[in-house]
Amino acid sequence: GLRRGPGGSVSDKVRVGVVGLGYWGPNLARNFDRLADAELAYCCDLDEANLAKARSLYPNAIVTDDVERLLGDDTLDAVVVATSVPTHYPLGKRVLEAGKHALREVSGQHRNIGAALEGKGRTVGRCCRSILRHGETLPGDGEHGIASSP
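Residues numbered from 1 in each chain as written. Predicted model: local features only at pLDDT ≥ 70, side-chain atom pairs only at ≥ 80, totals over all residues. Heavy atoms only, no water.

Engineer: Honestly, the packing of aromatic side chains in this entry has me stumped. Any pointers?
Structural biologist: Aromatic rings considered in pairs are described by the distance between their centres and by the relative angle of their planes. On inspection of all chains with the given rule, the structure shows one aromatic pair. Centroid distance Tyr23 to Trp24: 5.5 Å. Interplanar angle 80°. Geometry classified as edge-to-face. Residue Tyr23 is classed as exposed on the basis of its relative accessible area of 68%. Here Trp24 falls in the partly exposed class, since its relative accessible area comes to 27%. (Phe/Tyr/Trp six-rings, centres within 6.5 Å; stacked < 30°, edge-to-face > 60°. Buried < 20%, exposed > 50% of the residue type's maximum accessible area, 1.4 Å probe, protein only.)

Set out below in structure tokens:
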């Protein structure tokens, strides 16, 4: 459905932020940037070289080293967590607690984050390379589940 974007503009695109621009993050950012139904709204990392590259590749995205900007943006729909594995659970949980959908790289901690979903009405997805390569869709609003490719 339609939603309000920054400045009150109306859009039907899902606004996505990518946290972690090291190994998989750049690929995920590129794929979300290319999706017609998505807007790459944020790129976030702690490394200035990664941020500089994101600024040049995605001039319409907000590029920041502060994850709180993403979590505090009421117009952001989803956050992709592409950080190091030990940060997946705590960061994914914070994303859900901020009322956003969370898409994380596959890790063994996926089941643990399900508890953070209770009563949040948010989607958690596991991201596999083939999901983005084939453009498969993730579960819709309010569904709790795992999106994975065959």
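What follows continues from the structure just given.
Engineer: What exactly am I supposed to notice about the pairing of strand β4 (residues 38-44) here?
Structural biologist: Side chains on a regular strand alternate between the two faces of the sheet. Among the seven residues that make up β4, six are buried, leaving the element largely enclosed by the rest of the structure. As paired elements, strand β3 (residues 14-19) and β4 share six bridges and run parallel to each other. For Val18, the partnering residue across the bridge sits in β4 and is Cys43. Handedness of the crossover is the feature at issue here: the chain leaves β4, passes through helix α2 (residues 48-57), returns alongside strand β5 (residues 62-64), and the resulting connection is right-handed. (Helix = DSSP H or I, 4+ residues; strand = E, 2+ residues; numbered from the N terminus. Pairing = 2+ DSSP bridges. Right-handed = clockwise from strand over helix to strand, strands pointing away.)

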